[in-house]
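Geometric and topological summary
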Amino acid sequence: MATRDETIKLSLIDGVTKSLASIQKGVGGVGAELAKLNQVAELAGKAFDGLASVGNFFGDLVNDAGAYEQKLLEVQVRTQATAEESKLLRDAVQEALQGTATGATAAADALRLMAEDGASATEAAQNLGEVVAYAQANTRGLAETVGGLGAVLDAFGEGAGKIGALADALTATAVAAGTSTAAIEKGLAGAGVAAASANLSLEETTAIIGTLAERGIEGGRAVAAVTKILGELQAPASAAGQALREAGIDTTDLSGIFGTLATDAGLAEKVLSSLGKKPRDALKILLAEGGAALAGITKAINESAGASQKASDALGEGYELALKRLQESLANAKIALATPLLEPLAAAFDTFATKINTFAQSEQFKAIANEIAEFVASGLDQVTQFVE
């Protein structure tokens, strides 16, 4: 191997020397010298381009596979995944890709984002399917999806391990309320802190936001109404709070308060009359017909398991997603084909880089550099003399 390397080096030196000699032939004069200098620059450029092309050829072939592996590696490092958990992550990606228009690298990046939000390797793997389905059902990117769901969980102080269940709950709520998941997400993210402070669970608040959305109170309006209602019911000095305490109601139990008000018309009237118009209208919706609408949304949430996948499957029957699924499948196949090449190529690249660095410090390389330098200096000297 050493003899072969030396032969290649000597051939390179000989080739450069012969090329320089060939360039030196011909007519003289300033124009000729400039042409010769340009040829020398081109010769040096081709030598380095030849070396770089080797890396570029293989780099282009495995670029997508490398990006995919890098995302998975980041998840494994952040979660300190065991060998078994690492396999679970890979299996989760492959399973999530089935029947969806999702790329392997995007799915791996979703795992990374969930891990950054605090999910363990197992939690990220177990929730990936619901997250991918939710993203497809809502025609949103995976990174945006994880960010939106994560914001809701953060508002309630919930862990990243609940992201899949949240996706299903939002899907079921949006279907039952006839609205979008984006509207429910926005309402939860905005009202989350106030709801959590009032000891309302994420599921209970989702039901409230969904019930209001069903009657056209969405987004910022829902956030403002819920925040005001919760504040008034709990404030010791508020008329609503006083009415509840006089009735012997525990104002720290908001879910219990809604249940009591839904069945006690007299107490409900006292509380409602103490509120401003917008929060009063919102609370009336929640209490209407004994809280039937709220109970209906709550039931949908309790039975929401698999809702995102069902919505995703229904949407995936269209031509546009079918085409995208085909395109992503081809890209995923390329990644699967190239992945086994990564490890041997990485080792080969390291060896190749070491040899190039060593050669660059050798006497043979210096000989090439010096010969080119002398040639260039001579040519520039003649050009300078002409200018003077």
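For every chain, the first residue of the written sequence is number 1, and numbering continues from 1 onward in sequence order. With the structure being a predicted model, the display of local features is reserved for residues of pLDDT at least 70 and the display and counting of side-chain atom pairs for 80 or more, all residues being used for whole-chain, interface and lining totals. Side-chain metrics rest on all non-hydrogen atoms present in the structure, leaving aside hydrogens and water.

Details of the packing of helix H7 (residues 163–177) against helix H14 (residues 277–302)
Lines fitted to the C-alpha atoms define the axes, with helices restricted to the stretch that makes contact. Angles between their N-to-C directions range from 0 to 180 degrees. Think of it this way: any DSSP run of H or I at least four residues long counts as a helix, any run of E at least two long counts as a strand, and we number them from the N terminus. At their nearest, the axes of H7 and H14 sit 8 Å apart, and the two run at 145 degrees to each other. Taken as a pair, H7 and H14 cross one another with a handedness that is right-handed. Note on element contacts: H14 touches H7 through Ile 297, Ala 300 and Ile 301, opposite Ala 169, Ala 172, Thr 173, Ala 176 and Ala 177. Residues of the contact of H7 with H14, tallied by class, amount to seven nonpolar, one polar and no charged. Definitions for this section: a left-handed crossing has its near helix turned counterclockwise from the far helix by less than a right angle. A right-handed crossing has that turn clockwise. Note on definitions: a residue-residue contact is assigned when non-hydrogen atoms from the two residues lie within 4.5 Å. Charged residues are taken to be Asp, Glu, Lys and Arg, nonpolar residues to be Ala, Val, Leu, Ile, Met, Phe, Trp, Tyr, Cys and Pro, and polar residues to be all remaining types, Gly included.

Considerations on the side chain of Thr 181
Its place among the elements puts Thr 181 in helix H8 (residues 181–197). Given the relative accessible area of 6%, Thr 181 is considered buried. Polar side-chain contacts of Thr 181 include one of 3.4 Å to the side chain of Tyr 134. With a 1.4 Å probe rolled over the protein chains alone, any residue whose accessible area is under 20% of its type maximum counts as buried; one over 50% counts as exposed, and the rest are partly exposed. Two N or O atoms form a polar contact when they lie within 3.5 Å of each other; inside protein one atom must be a possible hydrogen donor and the other a possible acceptor, and for residues adjacent in sequence the pair counts only when both atoms belong to side chains.

Remarks on the packing of H7 against helix H15 (residues 307–315)
Interaxial distance between H7 and H15 falls to 7 Å at its minimum, and their mutual angle equals 60 degrees. Across the interface between the two elements, Ala 167, Asp 168, Thr 171 and Ala 172 from H7 touch Ala 307, Ser 308 and Ala 311 from H15. For the contact of H7 with H15, a count of residues per class yields four nonpolar, two polar and one charged.

Things to note about the confidence of the model for the protein chain
With 67% of its residues at a pLDDT of 70 or more, the protein chain has an overall mean of 79. The least confident element of the protein chain is helix H1 (residues 2–24), whose mean pLDDT is 49; the most confident is H7, at 96. Below pLDDT 50 for its whole length, residues 26–37 participates in 17 contacts with residues either more than four positions away or in separate chains. pLDDT gives the predictor's per-residue confidence on a scale running from 0 to 100.

So, the environment of Ala 169
By secondary structure assignment, the location of Ala 169 is in helix H7. For Ala 169, a relative accessible area of 9% translates into the label buried. It is 9.9 Å that separates the C-alpha atoms of Ala 169 and Ile 297, two residues lying 128 residues apart in sequence. Discounting chain neighbours no more than four positions away, the residues touching Ala 169 are Ile 301 and Ser 304.

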